Every structure is written in structure tokens, then in C-alpha cells.
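Spelled out, the chains give:
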Amino acid sequence: MTQKLLRGRVLTFHREPRDGDDASAYTYLEDGAVLIKDGTIQRLGTFDALRSAAPSTPVTDHRPHLMMAGFIDTHIHFPQVQVIASWGSQLLDWLNNYTFPEETRYADPDHSARMASKFFDQLIAHGTTSAVAFCSVHKTSADAFFSEASSRGMRMLGGKVLMDRNAPDGLRDTPQSGYDDTKALIEQWQGTGRNSYVITPRFAITSSPAQMEMAQALASEHPDCHIQTHLSENHDEISFTAELYPQARDYLDVYQSYGLLRENALLGHSIHLKPREIDALVETGAHPVFCPTSNLFLGSGLFDNAGLRAKGITNGIATDVGAGTSYSMLQTLNEGYKVLQLQGQSLHPLQAFHWVTRGNACVLGLEDKIGTLDAGTEADIVVLNSQSTDAMALRMERAGSLAEELFILQMMGDDRAIAEVYVNGVPCKATLSRHVDTDENSVTSREDNLENTDISAVFPIY
Ligand code: GUN
Ligand code: ZN
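All figures in this text were calculated on a predicted structure; none of them were measured in a lab.

Overview of the coordination of the zinc ion (ligand 2)
Next, step 1: At this site the zinc ion (ligand 2) is bound by H75 (NE2), H77 (NE2), H230 (NE2) and D320 (OD), with donor distances of 2.0 to 2.4 Å.
Next, step 2: Here the zinc ion (ligand 2) is ringed by four donor atoms whose angles at the metal span 90 to 167 degrees, and the overall shape comes out irregular.
Next, step 3: Counting gaps between the donor residues of the zinc ion (ligand 2) yields the pattern H-x1-H-x152-H-x89-D. Of the two residues, H230 is situated in strand 10 (residues 226-231) and D320 in the loop between strand 13 (316-317) and helix 12 (329-341); the sequence distance between them amounts to 90 residues. Of the two residues examined, H230 and D320, each falls in the buried class.

Shown next, in the form of C-alpha cells:
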């Protein structure tokens, strides 16, 4: 039995805040604590209450930092770690000139394994504890992805892309090999440890009708698997899709007609949607995923968050590295805020932090496992330092509320603001010089032990 108590300011959401005054949507504790046992959150409460309930439990003191559930990224490309920041083109040229050539390298298992390790390092560094990833077309890339996820004990979702046309040699499967490889991967990884397999037809342009039929078979044989693809990201992509699928009523109808829309389906981008497509999203419960840094980087367009939400659709938010330009969900919120501003929509920081934690968990149907600090959920936790740069510290001197602090983190924060990350209760980010667990019976731990310090002297109290 490994039990530990993390002390710090604590924030967790119970539902999406309606607005900035909706205090019952979340719990915020100024001197809070999370009691963890064997990778599961046992209790959330004030430090005093949890300390008296578990007096001999070792304490890691994260004050004055803010603890919340680890971030969840609902759309990211693992084989694009060396594509990020590739200059000068929009979607189709970017794919052909940079991305497809790079992804051919993932046929090599050694390359896949090395990149998987680097990829997960980046996720942890940026406070992301769960992600939904596209692997390359090669089975070996998905094996590398899940092996690395398993060895780190992270809750991860992913799948090899199905793509059998409009791509270079070395980056195409066939309807049959795509089906067979996916079956083998599901057999090996789905539900093992914290892994989930995602059936992944890359997008309509790179899958023939014959492959779409195979994807449909996979989806109906595995209703528990998520499905992910791309939808209506770019005007040239939409026109080419219409040429390739002339019988489809619109882009979404390609996926709909092959039975790929359901509540556990994720549709990256979903920018340029027609009214019929929006109705179909409502009917099927499939989830659009907003990828702001990517949409700005590729000049793809502005995601209509408020318009889709007004119809009752629940959207995810994600980095889409490597068209996305940062692994950071904080920077994703920063750019997301601006994309919505351009449309007269404003994202409140409480809603923003709900979105990258519990909100994305709900999109994945995993809110009973991740995305909150509720008792019984998995202990994936991020510790945030809102004074991690001089500029942030300066701005924080004038912060008068939790919402203001969150907004500073959202607009100015990046991996430097991630003081620590717990995966399944285990600290993963190297901050060891700053807090070290000591023996069983002692309260820890930071060099500047804050146990008896007046917290207001070092940090504003709201
Ligand atoms: N559409 C199909 N593949 C991709 C991809 O890798 N990135 C983005 N942004 N869009 C895509
Ligand atoms: Zn993508």
C-alpha cells in the first residue's frame, strides 16, 4: 500500500461553469490536499482534515502552487514530433511536402520507439497526462506508442492511421492490411493497462471506399473503441473530398454513410460545416475537436465553438501537434481564446480550465476515470506555478481572484508553469531539487519548508 498526501491549492470541476460566478461548478481549496493510495485518489479536502484522517501519511507540499487534474489532449499526431514548425503551406501541401515524408520513417521500429519516448516526455513536460493520438500507417508505430504508454502507466488512446491512397510509397496500407493490422492492435492493446485503441481512418482523401468499408466493419465489431478522423479543416480538402466521394451529400456524409459517427467518435477541426452536417453531429453525438494553434498555423479557419454548443454539441479541444504549434494545453487555450475573440465569443478562464480537464474527459466518456480530483478517479494531477516566469510573477502581483490567476496561466503559461505532474500518483516531472519526500512520518519537504508559513505572505489569498 502506497499512500501519500499532496498539499497545495486545489481546483477541481464538478460540471462546466455557466459563467465566472458559477462557484458551485467547482471546488477550490486554498489549503487543500489530495490523498492518494495505489494510484487512485482516495479523498480531496482541506489539508487539516486529511492530515488528521491520515496522520502518518507522507506529505508532499506543493504550496503555493495550484493542483488540478492532468490535462487531456483529444487530438495529437505522435509521428509529427519532428514536423512541428514546418514553414509556409496550408493543409494539403503541408501534408505532402512535410508530413507524409516524415511519417514514412515510422516503418522503422527503432525510430518509432525513440520518438515515442520523446513524445511522452513532451506530454509530461507540458502537463498532459492523457491524449488521443494518431500514429503512422505502420503497425509498428502504434506498438511503440502503446509500449511507451504502458511503461509510463499513462491513460492513452491511439491508433494506427488507415490510409490506402493519395499518399507516397511506404505510407499506404490496403483495405485488408489496414483491417488486419488494426484487429491485431486491438487484440493486443485495447483495455490492457490504461490503453484504449482508436479506429483511425486518417481522412476521406486518403481512404478509398473499399477502406471505408473495412473501417465500418472494424467500428461495428468494436463498439467500445473510439473512432477518430479529420473533418472540414480546409476548403481545398473539402473540394477534393467532394470529387472523391461524389455521391456524398457533404463531407460528413462520407463518414456517416460508413457508420463511423457515434458518441465515441472524434472529428478533428470541423470548421467549415454545413447546416446538415451540424444536424448530423447532433443526431449521432459525435464530437468536433477544436485545434486552435493548428487552425491558425495552417490558415484553416475559425472554429465556431458557440454555434456548435448552441445546438447541444460538446466539443473537445486539442493541440493537433505537429500542425499545432505547441504541446501545451495552456498555449492551446491561449490561441483558442483569440480564435473565439475574432468571432465575438469569449471563453471564461474557469470554462477554459474545465475544458482541458473534465470537459475533454466527458468528450471521451472517461469522466469517471480522469479529468477531476474526485475520489475513486485515477491520480493524474498537474501542479501549476503561475509565477513561473518574471513576466507572470509581475502580472500575478495584481491578480485578485482565482479566475484572474487562471487567465494569466492560460495566456502566459507554458511548460515552465508545470511544476510537477503525477501519473497514477507517481511524480514524473523533474522538480526533485524543490521537493523530496522524506520518511514515512514526516511532513515534507520543500527546501523552503512552508509547513508553518503564512501562505498569504508568499501568495495572494482570494
Ligand atoms: N488531415 C489529414 N491528416 C492530417 C494531419 O496530419 N494533420 C492535420 N492538421 N490535418 C490532417
Ligand atoms: Zn490532426
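Comments concerning a nonpolar patch on the surface
Next, step 1: Residues L296, L302 and L342 make up a contiguous nonpolar surface patch of about 270 Å² in total accessible area.
Next, step 2: Checked against the element boundaries, L302 lands in the loop between helix 10 (292-297) and helix 11 (305-310).

Observations regarding the packing of aromatic side chains
Next, step 1: For the coordinates displayed, the defined rule picks out 16 aromatic pairs.
Next, step 2: Relative to F145, the ring of F119 lies with its centre 6.4 Å away and its plane at 50 degrees, an arrangement referred to as tilted. Of the two residues, F119 is situated in helix 3 (residues 109-125) and F145 in helix 4 (residues 139-152); the sequence distance between them amounts to 26 residues. Taken individually, F119 and F145 each receive the classification buried, so the pair is uniform in this respect.

Definitions and cut-offs
Residues numbered from 1 in each chain as written. Chains lettered and ligands numbered in written order. Predicted model: local features only at pLDDT ≥ 70, side-chain atom pairs only at ≥ 80, totals over all residues. Heavy atoms only, no water. Donors = N, O, S within 2.8 Å, 3.2 Å for Na, K, Ca; no water. Tetrahedral: all angles 85-135°; square planar, octahedral: opposite > 155°, others 65-115°. Helix = DSSP H or I, 4+ residues; strand = E, 2+ residues; numbered from the N terminus. Buried < 20%, exposed > 50% of the residue type's maximum accessible area, 1.4 Å probe, protein only. Patch = residues over 30% accessible without salt bridge, like charges linked within 9 Å, V, L, I, M, F, W, Y side chains within 5 Å. Areas by Shrake-Rupley, 256 points an atom, 1.4 Å probe, with all protein chains shown as cover. Salt bridge = Lys/Arg side-chain N within 4 Å of Asp/Glu carboxyl O. Phe/Tyr/Trp six-rings, centres within 6.5 Å; stacked < 30°, edge-to-face > 60°.

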